[in-house]
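# Commentary on secondary and tertiary structure
Residue strings, one per chain:
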Amino acid sequence: RDRDVTGVQTCALPILETFRRRVAATRPELVDSVALHRWSIEHQGEFHEALWDFAGVIGEPGSVAFDAGDGSVRGGRFFPQSHVCMAENLLAHRDGANDDAIIAITELGDRRVYSWTQLRAEVAALAAALAADGVQPGDRVACYMPHVAETVITFLAANAIGATFTSTSSDFGTAGVVDRFGQTTPTVLVAADGYRYGGKEFNNIDRIAEIGAQLPSVQRIVVVGVLSGNPRVTGIERAVTWNDYLEPNRGVALEFVRMPGDHPAYILYSSGTTGKPKCITHRSLGVLLMHLKEHQL
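Attention here is on the structure that accompanies the text.

With that settled, consider the overall build of the chain. Counting its regular elements, the chain contains 10 helices and 18 strands. Overall, the chain is about 70 × 55 × 40 Å in size when its C-alpha atoms are taken along their principal axes. Taking all 297 residues of the chain together, 41% fall into the buried category. Considering only contacts in the chain between residues 6 or more positions apart, those separated by 24 or more positions represent 62%. Total accessible area computed for the chain in this model is approximately 15500 Å², and 52% of it derives from carbon and sulfur atoms. Taking the average location of the 27 positive side-chain charges in the chain and that of its 34 negative ones, the two points are 3 Å from each other.

This is the structure in C-alpha cells:
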C-alpha cells in the first residue's frame, strides 16, 4: 500500500489489472479478470501477442502470433517465425546492475553473492570458452551438478550461444547419468567434484572419470570445485577446472545468438522407473513466455 499526496492510503494496481486495462483499451468488453481469462483461451494469438509486448520480450516475434495448424494440441505453433534468446532476456541490462542476482548458500552456511554485473561477466566468460571449444548451436551442454550458482551460469552460457542445456543431479550413480546423457550426447560436461548432504561430503571425482569414459560424445569435462577450491582433475581425460576454463576469457563482451522460437532450450528427463529415462524437450520461446506469464500475471 502507498499513500497519495493527501495522506490517504491507496493500493497500487495489481499487475494483472494493469495488463487487463491495457488490453481493454482496444477490447472494452474485457471488463474483469474472468473476461480476460476467457479471451486468453478463445483468442490465444491475440493474448500472447499482448503478453509479448507487455512483458517486453527481446527478439523478433514475426508476423504470426499463433498458427492453429490442424487444430490439434501438437499441431498448433506460437510465433512460428520468431527468433529469441532466453539468456538475452534474462540478463537484459536493467536498473540496479549491482543488485543481487544470485545468492548461493551452502549447507555449511557459506554464502556467495553475484550481482547482475558479475553474473553477466561469468556467463560471458563461460559462453566464450564453450564457443572456443567448438560448441555450436544445437549442441548439448550437460551439467552433473548440485544446485549451485555454476549450474545456473552454465545454463545461461549454453543458451547464449544457441546450445541446448541438459542436467542431472550429483547424487546419481554412473549408470543413471549415462542412461540420460547417453541419449542426448553432450559435447561438454560440467561436473561438480562432489556434494554435501545431511552433514556429509560425497566425492564424485572417480565417478566423473567413469562417466566421461562411457560418453564418447563428450569432448571436454569442466570440473567445478564444490568440496575443494582446487579440485583434482588428473585421471579424468579431457578435464579442466572451472577456473582454468573461464580464465582466458575473463572480461570478454557478452553476446547472444537468437534462435528460432522452437529451438530446444533444455532437455529434462523422466524418472526412469518404467525403463530408460525419457527425454523431455522444452522450446526456448515456450519456456520464456510461460515464465513471464506465470511470474508477472
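Here we take up the side chain of T241. With respect to the helices and strands, T241 occurs in strand β15 (residues 239-241). Once residues lying within four places of it in the same chain are set aside, the contact partners of T241 are V222, V223, N230, P231 and V233.

Moving on to the pairing of strand β12 (residues 194-197). With four bridges joining them, β12 and strand β13 (residues 200-203) adopt antiparallel strand pairing. Paired with Y195 across the strands is F202, a residue of β13. Taking the residues between adjacent antiparallel strands as the criterion, β12 and β13 are bridged by two residues, where G198 takes a positive phi near 60°.

Let us look at the sheet that holds strand β16 (residues 259-260). Strands sit in the order β3-β6-β16 across an open sheet of three strands; the sheet is antiparallel. Both edges of this open sheet fall to β3 (59-60) and β16, since each of them pairs with a single strand only. Sheet analysis places β3 next to strand β6 (residues 83-84), joined by two bridges and oriented antiparallel. Each bridged residue has a counterpart across the sheet, and for E60 the counterpart in β6 is H83.

Here the focus is the packing of helix α1 (residues 15-24) against helix α2 (residues 33-42). The geometry of a pair of packed helices is captured by two quantities: the angle between their axes and the separation between those axes. Axis separation between α1 and α2 bottoms out at 10 Å; the angle between their running directions is 70°. Looking at the two axes, α1 sits roughly perpendicular to α2. As α1 packs across α2, the resulting crossing turns out to be left-handed. Contacts from L16, F19, R20 and V23 in α1 reach S33, L36 and W39 in α2. When its residues are assigned to classes, the contact of α1 with α2 shows five nonpolar, one polar and one charged.

When you line up the elements, A142 lands in strand β9 (residues 140-144). On a C-alpha basis, the gap between A142 and Y197 in space is 22 Å, while along the polypeptide they are 55 residues apart. Discounting residues that sit within four places of it in the chain, A142 has contacts with T166, F181, P186, V188, L189 and V190.

Rules behind the numbers
Residues numbered from 1 in each chain as written. Predicted model: local features only at pLDDT ≥ 70, side-chain atom pairs only at ≥ 80, totals over all residues. Heavy atoms only, no water. Helix = DSSP H or I, 4+ residues; strand = E, 2+ residues; numbered from the N terminus. Buried < 20%, exposed > 50% of the residue type's maximum accessible area, 1.4 Å probe, protein only. Contact = heavy atoms within 4.5 Å. Areas by Shrake-Rupley, 256 points an atom, 1.4 Å probe, with all protein chains shown as cover. Lys, Arg positive; Asp, Glu negative; His and termini not counted. Charge placed at Lys NZ, Arg CZ, Asp CG, Glu CD. Pairing = 2+ DSSP bridges. Axes fitted to C-alpha atoms, helices over the stretch in contact; angles between N-to-C directions. Parallel < 35°, antiparallel > 145°, perpendicular 65-115°, else oblique. Left-handed = near helix turned anticlockwise from the far one by under 90°. Nonpolar A, V, L, I, M, F, W, Y, C, P; charged D, E, K, R; others polar.

Remember, this is a structural readout, not a statement about activity or role.
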